[in-house]
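The lines below spell out each chain.
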Amino acid sequence: MKHVTRKHILLSLLLSGVALCGVGFGTWHVVTRVNASADFSFGADTVLDVSKAIIVKDSWISKYFHPFEYNENGIVADGKSSNEGDLIVPILISLNTEKSSDGIYNNSQIESGSPLNFTFTISEVKTNSLLPHCNKLSYSVDAVDKIEGTEHKTAEVKDFTKDNGTIKADITFSDSNLLSNVAIVVGLYYHLSFDYSKYNFKANVFDKREDIDFKVRVFLNV
Amino acid sequence: MYKNSNRKLIIASLISLLVVPFSLSLGQGKWNIIKEDTVRFNDLFTEEPRSSTPVAYVDTNDAAHQYYTIEGALKAAKDDGGSNTIYVIPSETEGKCNTVSIIHDCEIAVGDTLILPYSGTEYLDETGTHGSGFADNNTNNRKIQISLNQNVKLTVNGGFIIGGVNGSGENPMGQASGAYCELVMHKGSSIIVNGGNEGNNGKLMCFGFIKEATADANTKITFNSGSSLITPIAFYDYSSGTKMTYMVANEVFPFKQYDVPSIRSEMVFKHGSILTGKLHLYGGNVKDINVQANLVATEGAFLNLTSSKSQISWKFKDRDLETTTSTMASHQSIIEISGTCQLGGIKVSLKLGEIFGKPVEKDIDSKNYYLPIPCGFDVSVQSGGIFTVPSSLKGAKFMPGSSLTVENGGAVAMDSGVLFYQSKTSSDGSSSLDDYDDGNKYPSSSPATFENYGVVYINSGFEGVIQTNSSTALLYLSNNYSSISDSKEGNSDATYSWGGAKGLINKNEAISSFEKQSKYNSSSDHWLPITKYTIKINAVSYSGALHYFPKFNSFFTYSLKSNDFEHKLDDLCQTTSSNALWNPSTISLNGAVFEGDYMKIVPVNDECREISANFSFENWVKITQNIEITVTAKK
């Protein structure tokens, strides 16, 4: 009995240790450094506060994107009614978490040359009223020394899956200078189209704009 | 039982040990990071939804030409390529105002005009009488309010008209007093009005109001060369034709309370741009008097920018951001001059009455009078700026409550008479500024101030107190300087003078008069007559340990030599260590008082017995001279 209990305890401790990997990071599910190769080294005393590595919504960065404008009738483009426009989810990525007083992020600990692989999944939490109208997805990635003056270069996402209010897309982005910059700004452009003769924008969107939530899941692989 | 259980547990543990690291290495990279977050639809937008009804139209008010945004209407007009008029749609409902935000940078293209009418397509009425005071005290008058959102830039290459009904039947006159439109500029927003080819210059006309959203909004309207602004100049002391006739006959300019109150944003006028004041006065007998006077231009204006790099910043403030008070008591007009600028004048053609049914008109050019600079006008000459009151004018009088400041590096040349009124009352006490104002008494009793931190040349008549708080300012009074004794007010013969140019001359002395053909150098808050001295410093030997260097005065003889006197200063020298600063607290010299100069004594090293010192007299006697003295101390 005594012998068996010791084994149990040892194994339980091991499994508990593994399980603890995901504890303490809030909404973070997995954070791990799998291959500590020499070209991607952190100092022994480096503490990576991953809670700030990806910022899905930030009032500061969202100022640099211009999603569609709308009124209660629908989308407004160049002052006229339009049946299409881009809904943009801005994402800021910085593997170093320092954020200076002027809002600039630093990632000087990361060496350049590493490709970035993103997987984005966005789904509507309750209303399921907008994403079914998305027929095109594009993205922009900019690596910037300073966020101000960023010019977004949009590229269309060729492969994305859409399933009743949930959209998933994989993006691989490589830039030899990418990680030598201060921050990476990603914009996900969900191009929406509406047929107002069949879709009541006011009832489904305008009047519910306080309630429409999106669940955004970002998987980043460096 | 236990065995079986143990086996299962061991197998499970082994699987876990194999699977967990594998799962962590998914993606074949070095870092895998997953984040889930929930964002709200509203959080993806930094701006409120647009209007659900059209806010503007291009040329024709029908569905095809209507737009939900001003930016969209401007873009459509620009893309059209022709000359279009873009109207913002005003509220036609009593007490209602249409509000629109401009949230993106936009442009009024060459040939296009953006109009904010207060009704239909009407944007200006300058006839008859409408209301009293300023229209913005009653927001029922406001028909359109446009917000220029934070950091948004509006470029005006065509025309931009902000409508308003101008002119009341009582003082103040000329301002927006009835229905009006308003542009509110938010923090960091700006308007650029560009010049262009002939006939295509950007033009802003503001007959309503341009306000700032907050006190620290720091907004700016820049008028580049060729562009122009037309906006009301308001008069607060318009008198009857009879009274004005008396004043003009008495060689008194009939207005001393006026300003440009419709725009709160800082306005920057570059050389080649024009600010025109549009004036609508109304008299019971003479009816409408409509006058335009250039206030900023390259020539013929109130302020003339005379070099290509000169510019004027003009900012109007009142105690309340949203409303304008009917007297000038809380008004401030901050005017900053950069580059070269000449004071000019204001020309108005007034109807002074009627004879046999025909109007009696009188052209009044302020160059023939002392031009009043009103209460609340705070004029400053910036570094590098040169402001001249030319000899072609009779002169200028800074009225109580106004100021002129010459900043460090700036200069003012007064080639005609300039007065800084020290009170509202004439020299003999028989007359007051209040005696001649209809409705609005003169709103300030504070002496007009004149501060000099740069260089001032007085080459003509002058009345006022010249203040400073500097160690570098200079003041020159030429042989043509004199006091002024012919400045009058109203129709009184009483004159206003205070004994000429005065100031605090020499510390601890009462304010006294400056002399003609003399030069002064500022020293803190007072002025020192500049006399050229010869400086002679004699070094003497010292024998003793360096660290016990005794009082300096034992070893040096300092002398200042003027033409006819010599004064020894050695008894005033003090130092207690080899690194001490020598600060003569006060040096009396032939009745003058000097202070603030110092000597720093620096030992070469502890062993060396040589000490060098630089003695700068730059601020002291107005000659730049560094004298190095060497003391050889013997062991």
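For the structure, check the block above.
Not measured: the values here are computed from a predicted model. (Residues numbered from 1 in each chain as written. Chains lettered and ligands numbered in written order. Predicted model: local features only at pLDDT ≥ 70, side-chain atom pairs only at ≥ 80, totals over all residues. Heavy atoms only, no water.)

**Observations regarding the layout of surface pockets**
A volume near 310 Å³ is recorded for the second largest pocket. As for the second largest pocket, its lining consists of 19 residues, and the residues nearest its centre are Glu69(A), Ala77(A), Asp78(A), Glu71(B) and His104(B). At the level of elements, strand 4 (74-77) and strand 6 (84-93) of chain A together with helix 2 (70-80) of chain B are the ones that each hand at least two residues to the lining of the second largest pocket. (1 Å grid on protein atoms, 1.4 Å probe; cavity = no way out; pocket = protein on both sides within 12 Å on 5 of 7 lines; lining within 4 Å. Points joined across faces, edges and corners; volume = space filled by probe spheres on them. Helix = DSSP H or I, 4+ residues; strand = E, 2+ residues; numbered from the N terminus.)

**So, unusual backbone geometry**
Looking along the chain, the bond that leaves Asn171(B) and enters Pro172(B) is cis, with omega of -5°. The topology assignment puts Pro172(B) in the loop between strand 12 (164-166) and strand 13 (176-185). The backbone phi angle of Asp78(A) is positive, close to 50°, even though this residue is not glycine. When you line up the elements, Asp78(A) lands in the loop between strand 4 and strand 5 (80-82). By relative accessible area, which is 47% here, Asp78(A) ends up partly exposed. In this model, Glu251(B) sits at a positive phi of 60°, which is unusual for a non-glycine residue. One can find Glu251(B) in the loop between helix 3 (241-249) and strand 20 (258-259). (Buried < 20%, exposed > 50% of the residue type's maximum accessible area, 1.4 Å probe, protein only.)

**Observations regarding the pattern of salt bridges**
All names here are of chain B. This structure, assessed with the given rule, holds 21 salt bridges over all chains. Between Glu 182 and Lys 211 there is a salt bridge; the shortest N-O distance is 3.0 Å. Of this pair, Glu 182 sits in strand 13 while Lys 211 sits in strand 16 (residues 209-212); the two residues are 29 residues apart in sequence, bridging distant segments of the chain. Assigned by exposure class, Glu 182 and Lys 211 land together as buried. Glu 489 serves as the salt-bridge partner of Lys 397, at 2.7 Å between the closest nitrogen and oxygen. Residue Lys 397 is found in strand 33 (residues 395-398), and its partner Glu 489 is found in the loop between strand 40 (474-477) and strand 41 (501-503); the two are separated by 92 residues along the sequence. For the pair Lys 397 and Glu 489, one class covers both residues: buried. Through salt bridges with shared partners, one network takes in Asp 136, Arg 142, Glu 182 and Lys 211. (Salt bridge = Lys/Arg side-chain N within 4 Å of Asp/Glu carboxyl O.)

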